[in-house]
Amino acid sequence: MRFNNAIVRLPGSNFSAGLTTSASKSAPDLGKALAQHAAYCIALKECGLDLTVMDANPQYPDGTFVEDTFVIAERVAIATRPGAKTRTGEVASVAAALRRYRPQWEQIEAPGTVDGGDICQAEEHFFIGLSARTNEDGAAQLAAILTRHHYTSSTVDIRGHATLLHLKSGIAYLGERRFLVMHGFPAIDAMADADRIEVAQAEAYAANCVRVNDQVLIAAGFPGVAAALKKNGISVRALEMSEFAKMDGGLSCLSLRF
Ligand code: CIR
């Protein structure tokens, strides 16, 4: 999968009012979050992408996590219906930014909910995470849309994994039939003939990484993951993600790549 474009959205002044389960952690620092976001944008550009940078909308403190609003593949774009009520309205503004690239898209309808963070594309196959955000109705709608566009899909139930907000909190597709997988992640039939690179429990946050053309962007501060990727011949670029982690955000969720 080669990407040419990405959509990102700046964190806003009320970024710390977003949803988080990390009550024990300190509130994110907006200045640091903006600096980390800027470095993330530079990394995407240096991977060859043209960026659309959306302004923050104070109505949506979680809006910087744009990945949850759309699923974008070569043959189809799908507007999601995020599972958190406070986030439903984020989709329309991202759709407006996407329109110049993808004038048409499909739509997940109520009562279905889907968060883009639950959708992991591996070539022509999509893994759809069933989570607290993506429900069975949404997953079935998404699977039907993907089938119409000649993709295959299968569901992965992560509802028993309290530490996983989204499927891609625990798994990332690296290309060439390789996955980065959090330690303890269940075996998945549709992945049986693929290579699994395991992430130790202590570095679980770094399981959420993203392949962008010739590089894999990972969170900084996880030397085991960086070393494992490098050992597999993968070019790695580490980015500070501390402020987004405090809001349960992973590296992939800060952009929509297409
Ligand atoms: C939320 O709970 O919706 C946001 N605070 C974090 C969303 C992170 N999204 C993602 O990992 N795909």
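The rules behind each value
Residues numbered from 1 in each chain as written. Predicted model: local features only at pLDDT ≥ 70, side-chain atom pairs only at ≥ 80, totals over all residues. Heavy atoms only, no water. Phe/Tyr/Trp six-rings, centres within 6.5 Å; stacked < 30°, edge-to-face > 60°. Helix = DSSP H or I, 4+ residues; strand = E, 2+ residues; numbered from the N terminus. Lys NZ or Arg CZ within 6 Å of the ring centre and 35° of its normal. Pairing = 2+ DSSP bridges. Axes fitted to C-alpha atoms, helices over the stretch in contact; angles between N-to-C directions. Core = buried A, V, L, I, M, F, W, Y, C linked by side-chain atoms within 4.5 Å. Buried < 20%, exposed > 50% of the residue type's maximum accessible area, 1.4 Å probe, protein only. Near = heavy atom within 4 Å. Polar contact = N/O pair within 3.5 Å; in protein donor to acceptor, adjacent residues only side chain to side chain. Areas by Shrake-Rupley, 256 points an atom, 1.4 Å probe, with all protein chains shown as cover. Nonpolar A, V, L, I, M, F, W, Y, C, P; charged D, E, K, R; others polar.

**Topic: the packing of aromatic side chains**
Part 1 of the reasoning: Under the criterion given, the structure shown has nine aromatic pairs.
Part 2 of the reasoning: Pairing Tyr 101 with Phe 258 gives two aromatic rings, centres 5.2 Å apart and planes at 70°, and the pair type is edge-to-face. A residue pair is termed long-range when its members are at least 10 positions apart, and Tyr 101 in the loop between helix H2 (90–98) and strand E5 (106–107) and Phe 258 in the segment after strand E15 (256–257) qualify at 157 residues.
Part 3 of the reasoning: Grouped by ring-pair contacts, the aromatic residues Phe 15, Phe 65 and Phe 244 constitute a single cluster.
Part 4 of the reasoning: A cation sits over an aromatic face here: Arg 75 above Tyr 151, 3.9 Å from the ring centre.

**Notes on the sheet that holds strand E10 (residues 178–182)**
Part 1 of the reasoning: An order of E9-E10-E11 is seen for the three strands of this open sheet, with the pairing classed as mixed. Both outer strands of the open sheet, strand E9 (171–175) and strand E11 (195–199), are each paired with one neighbouring strand and no more. Across the sheet, the mean angle separating the axes of adjacent strands is 25° when strand polarity is ignored.
Part 2 of the reasoning: Examined bridge by bridge, E9 and E10 share four bridges and lie antiparallel to one another. Across the sheet, Gly 175 pairs through a bridge with Arg 178, a residue of E10.

**Some thoughts on the nonpolar core**
Part 1 of the reasoning: Of all hydrophobic cores here, the largest spans 58 residues; its most connected members are Leu 44, Phe 127, Phe 179, Leu 180, Phe 185, Leu 217 and Leu 229.
Part 2 of the reasoning: Per-element accounting of this core gives the leading share, five residues, to helix H1 (residues 30–46).
Part 3 of the reasoning: Residues Ala 73, Ile 78, Phe 126 and Tyr 151 belong to the second largest nonpolar core, which totals 15 residues.

**Focus on the site of the ligand**
Part 1 of the reasoning: Neighbouring residues of the ligand: 15 residues in total, closest Leu 19, Asp 62, Arg 87, Arg 133 and Met 247.
Part 2 of the reasoning: One nitrogen or oxygen atom from the side chain of Arg 133 is found 2.8 Å from an oxygen atom belonging to the ligand.
Part 3 of the reasoning: Out of a free accessible area of 350 Å², the ligand has 98% covered by protein chains.
Part 4 of the reasoning: When grouped by side-chain class, the residues that make up the shell around the ligand number five nonpolar, four polar and six charged.

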